[in-house]
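# Structural overview
Chain residues, written in single-letter form:
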Amino acid sequence: MNAQQLKNSILQMAVSGKLVPQDPNDEPASVLLERIRKEKEQLIKEGKIKKEKNPSYIFRGADNTPYEKVGKNEPVSIAEEVPFEIPESWEWCRLGDIFYHNTGKALNASNQSGQLLKYITTSNLYWNRFELDSLRQMYFTDAEIEKCTATKGDLLVCEGGDIGRAAIWPLEYDIRIQNHIHRLRAYVPVCTEYYYYIFYLYKHVGWIGGKGIGIQGLSANALHSLLFPLPPIKEQQRIVEKISQIEPYAEKYESTESKLAALNSGFPEQLRKSILQLAIQGKLVPQDPNDEPASVLLERIRTEKERLIKDGKIKRDKNESVIYRRDNSHYEKLGSLERCIDDEIPFEVPDSWSWCRLGHILLKLSDGTHSTPRYQSAGIPFLSVKDVSSGFLDFSSCKYISEPEHKELYSRCNPEYGDLLLTKVGTTGIPAIVDTRDEFSLFVSVALLKFNQDLLYNKFLLYEILSPLVQKQAEESTRGVGNKNWVMRDIAKTLIVIPPIEKQYRIVDMIERIFPYCNRI
């Protein structure tokens with residue numbers, strides 16, 4: 001049972017006479033109804049209210065089920081309308097039998113006669129509370145003030161917005177109401193809190209604003225005819241007192257449930273992060289001393305880059321980074337400069353692993369075009385961050401460009417099968433593997449990462465980018481407030497760790513065996 005179901009259950013017991021014991025000394029609800037009828041007759045004589053054309057009178061028939069007589073019509077059974085049984089001392093009645101009600105003033109900026117007064121709308125009215133920080137004003141005539149003013153103890157109910165939401169006006173000063181709020185004021189003193197709980201229950205079980213047999217809207221007529229159980233006055237008070245005693249426990253239950261729900265919803269993601277963290281620390285799978293060290297792998301990458309530079313296929317990085325260990329410390333050489341970077345190394349890794357900068361292992365790091373191309377209804381797909389931010393390439397709603405324009409863009413930024421894409425504007429730090437051999441172009445919001453796929457496993461790099469190690473750096477390096485940007489220079493400087501190539505495959509295999517179980521826990 002969740003917290004809302006618990007609250008509904010408590011209130012269901014309350015309004016069906018099962019929350020507190022009945023007292024045979026209580027004045028029956030029928031006497032209260034008779035007193036209200038006499039008060040209404042007096043108000044009609046005094047011209048303060050109008051006589052109903054078709055008043056409702058609900059009574060128990062000879063078969064002990066409820067019947068209703070409306071105006072001069074013959075009584076009809078309403079047994080099917082009554083949702084549950086109530087004690088003998090209670091009565092079924094319509095809300096209009098207990099309260100006279102009206103809505104507030106409709107907004108009319110052109111009407112500026114009367115007094116300029118503050119008013120509340122449905123946006124100020126919440127369950128048993130009001131938000132009054134920034135109230136608006138409009139003009140009210142004397143007649144409108146009489147009709148549209150709520151005083152302390154009035155029950156206010158939303159006709160629009162969250163239909164049926166209710167609260168009791170708690171303040172000593174009066175407030176005006178807008179036309180989407182009903183004001184309910186009892187003909188004789190009653191325990192208004194009890195009726196608030198009626199609205200809360202009816203709303204949350206779908207009898208107001210719900211589907212099926214529930215009241216879809218809450219017009220004046222619908223409100224007037226709302227059927228509800230009426231206990232004796234003293235029992236109303238006992239019910240409210242008991243609910244007040246129980247509510248702190250129900251709220252604590254709700255708070256605990258919310259924390260548990262947050263834990264349950266966040267736990268799979270936290271577990272995945274922990275698994276990725278263990279993976280890049282070398283703690284997810286055992287080490288194999290026969291694996292070729294990552295330092296040899298990085299030397300191969302360095303040799304290949306030198307060859308491509310000589311062939312004129314790539315440019316030399318002016319700030320080429322080389323990270324190495326000496327005297328049990330980590331050093332980085334940038335050109336002719338050397339510095340100790342022990343304070344940047346977040347954790348220890350196995351001896352056969354090596355630290356490096358992301359740019360060091362890449363044969364190419366570029367982003368898409370910085371100019372908006374000419375779009376057309378069909379042609380070559382053109383992807384932006386929205387088409388990659390799911391972690392997969394999504395062509396379902398991408399834009400298209402002409403083939404000549406694509407070829408021009410592709411000559412600089414050419415995503416190919418197996419490459420990695422990385423979101424860098426707006427939603428940053430989300431990697432995706434290019435899983436198609438069809439050509440497409442990229443916008444500036446996506447970066448392209450090319451590397452030797454014989455020396456580096458693209459899935460391992462993807463999982464490392466998703467790991468807390470890289471995600472933290474992405475968050476810290478992302479700049480801007482609105483459209484945030486992870487610039488290319490900072491992407492290249494990202495600190496990563498590289499295991500032996502055999503280990504990369506074993507790690508990925510273990511991750512993909514474990515991840516499917518995360519959502520089942």
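Below: a short report on this structure.

Rules and cut-offs
- Sequence positions are assigned chain by chain, starting from 1 and proceeding in written order.
- The predicted origin of the model limits local features to residues at a pLDDT of at least 70 and limits the giving and counting of side-chain atom pairs to 80 or more, whereas totals for whole chains, interfaces and linings rest on all residues.
- Values reported for side chains reflect all heavy atoms of the structure, with hydrogen atoms and water molecules removed beforehand.
- Starting at the N terminus, helices and strands are each numbered in turn, a helix being any DSSP run of H or I of at least four residues and a strand any DSSP run of E of at least two.
- We call two residues in contact when some of their heavy atoms are within 4.5 Å.
- Strands were regarded as paired on the criterion that DSSP finds at least two bridges between them.
- Between the N-to-C directions of two axes lies an angle of 0 to 180 degrees, each axis being a line fitted to C-alpha atoms and, for a helix, fitted only over the stretch in contact.
- Ring pairs are drawn from Phe, Tyr and Trp, using the six-membered ring of Trp, whenever the two centres fall within 6.5 Å, and their geometry is named by plane angle: stacked under 30 degrees, edge-to-face over 60, tilted for the rest.
- Exposure is judged per residue with a 1.4 Å probe applied to protein chains only, and the accessible area is read against the type maximum: over 50% gives exposed, under 20% gives buried, and values in between give partly exposed.
- Two conditions define a charge located above a ring, namely a distance within 6 Å from the ring centre to NZ of Lys or CZ of Arg, and an angle within 35 degrees of the ring normal.
- Note on terminology: angles under 35 degrees are roughly parallel, angles over 145 are roughly antiparallel, angles of 65 to 115 are roughly perpendicular, and the others are oblique.
- Three classes are used, and their members are as follows: Ala, Val, Leu, Ile, Met, Phe, Trp, Tyr, Cys and Pro are nonpolar, Asp, Glu, Lys and Arg are charged, and the others, Gly among them, are polar.
- Within this scheme, the nonpolar core is defined by two criteria: the residues are buried Ala, Val, Leu, Ile, Met, Phe, Trp, Tyr or Cys, and they are joined through side-chain atoms within 4.5 Å.
- Crossing handedness: left-handed means the near helix sits turned counterclockwise from the far one by under a right angle, and right-handed means the same turn made clockwise.
- The salt bridge criterion pairs a side-chain nitrogen of Lys or Arg with a carboxyl oxygen of Asp or Glu, the two atoms within 4 Å.
- Polar contacts here mean pairs of N or O atoms no more than 3.5 Å apart (in protein, one a potential hydrogen donor and the other a potential acceptor; neighbouring residues in sequence count only if both atoms are side-chain atoms).

With that out of the way, let us pick up the side chain of Ser384. Along the polypeptide, Ser384 turns up in the loop between strand 21 (380-383) and strand 22 (399-401). Here Ser384 is in contact with Phe443, Ser445 and Val446, once residues within four sequence places are set aside.

As paired strands, strand 17 (residues 329-334) and strand 18 (residues 337-340) are joined by four bridges and run antiparallel to one another. Opposite Lys333, over in strand 18, you have Glu338 as the bridge partner.

This next bit is on the sheet that holds strand 24 (residues 431-433). The strand order across the open sheet built from four strands is 20-26-23-24, with neighbouring strands paired in antiparallel fashion. Each edge of the open sheet is held by one strand with a lone partner, namely strand 20 (364-367) and strand 24. The average undirected angle you get between the axes of adjacent strands in this sheet is 25°. Here strand 20 pairs with strand 26 (residues 446-450) via four bridges, running antiparallel. Bridged to Lys364 within strand 26 is Lys450.

The full count for this structure, using the stated rule, is 22 aromatic pairs. Ring plane angle 45° and centroid distance 6.4 Å describe the contact between Tyr196 and Tyr200, whose orientation is recorded as tilted. Residue Tyr196 and its partner Tyr200 are both found in helix 5 (residues 192-204); the two are separated by four residues, about one turn of the helix. No difference in accessibility class separates Tyr196 from Tyr200, as the two residues are buried. Consider the rings of Tyr463 and Phe515, whose centres lie 6.0 Å apart with planes at 85°: the pair is edge-to-face. You can see Tyr463 sitting in helix 11 (residues 458-466) and its partner Phe515 sitting in helix 14 (residues 501-518), a full 52 residues away along the chain. Note on Phe515: relative accessible area 17%, which makes it buried. Above the plane of the ring of Tyr331 lies Arg326, whose end atom (NZ or CZ) is 4.3 Å from the centre. Looking at Lys399, its charged tip hangs above the ring of Tyr375, at a distance of 5.1 Å from the centre.

Strand order in this open sheet of three strands is 16-17-18, and the pairing throughout is antiparallel. Each end of this open sheet is capped by a strand with a single partner; those strands are strand 16 (321-326) and strand 18. For this sheet, the mean inter-axis angle between neighbouring strands, taken without regard to orientation, is 25°.

Before going further, it helps to examine unusual backbone geometry. In this structure, Asn64 takes a positive phi of about 65° despite not being glycine. Structurally, the position occupied by Asn64 is in the loop between strand 1 (56-60) and strand 2 (66-70). Even without a glycine there, the phi angle at Asn128 is positive, about 55°. Tracing the chain through its elements places Asn128 in the loop between strand 7 (125-126) and strand 8 (129-130).

This part covers the packing of helix 11 against helix 12 (residues 468-477). In contact at an axis separation of 4 Å, helix 11 and helix 12 are set at 55° when each is read in the N-to-C sense. Taken together, the axes of helix 11 and helix 12 lie oblique to each other. Contacts between helix 11 and helix 12 involve Glu464, Ile465 and Leu466 from the former and Pro468, Leu469, Val470 and Gln471 from the latter. For the contact of helix 11 with helix 12, the residue count by class is five nonpolar, one polar and one charged.

Right, let's talk about the nonpolar core for a bit. By size, the foremost hydrophobic cluster in this structure holds 54 residues, and its most contacted members are Ile98, Leu155, Tyr195, Phe199, Phe228 and Leu230. Beyond its immediate stretch of four places on either side in the chain, Phe228 contacts Glu91, Trp92, Cys93, Arg94, Leu95, Ile98, Tyr195, Ile198 and Tyr202. Ranked by size, the runner-up nonpolar core spans 51 residues in total, among them Leu455, Leu495, Ile507 and Phe515.

What follows is about the packing of helix 1 (residues 3-15) against helix 5. Between two packed helices, both the angle of their axes relative to each other and the distance between the axes serve to describe the pair. Following both chains from N to C, one finds helix 1 and helix 5 inclined at 130°, their axes separated by 10 Å at the closest point. When the axis of helix 1 is compared with that of helix 5, the two are oblique. The interaxial crossing formed by helix 1 with helix 5 has left-handed handedness. Between helix 1, through Gln4, Lys7, Asn8, Leu11, Gln12 and Val15, and helix 5, the contact on the second element is made entirely by Tyr194, Tyr197, Ile198, Tyr200, Leu201 and His204. Among the residues making up the contact of helix 1 with helix 5, the classes are represented as seven nonpolar, four polar and one charged.

This part takes up the pattern of salt bridges. A complete count under the given rule lists 36 salt bridges for this structure. Residue Asp162 pairs with Arg165 through a salt bridge whose shortest N-O separation is 3.7 Å. The exposure class assigned to Asp162 is partly exposed, which follows from its relative accessible area of 26%. In this structure Arg165 comes out as buried when scored by relative accessible area, which is 13%. Glu304 is the partner of Arg307 in a salt bridge, and the nearest nitrogen-oxygen pair spans 3.9 Å.

Assignment of secondary structure puts Asp26 in the loop between helix 1 and helix 2 (29-45). According to the relative accessible area criterion, Asp26 is buried, its value standing at 7%. Among the polar contacts made by the side chain of Asp26, one reaches the side chain of Arg238 at a distance of 2.7 Å. Sequence-distant contacts of Asp26, defined by excluding residues within four places in its chain, comprise Pro232, Lys234, Glu235 and Arg238.

So, to be careful, I would describe these as geometric facts and stop short of saying anything about function.
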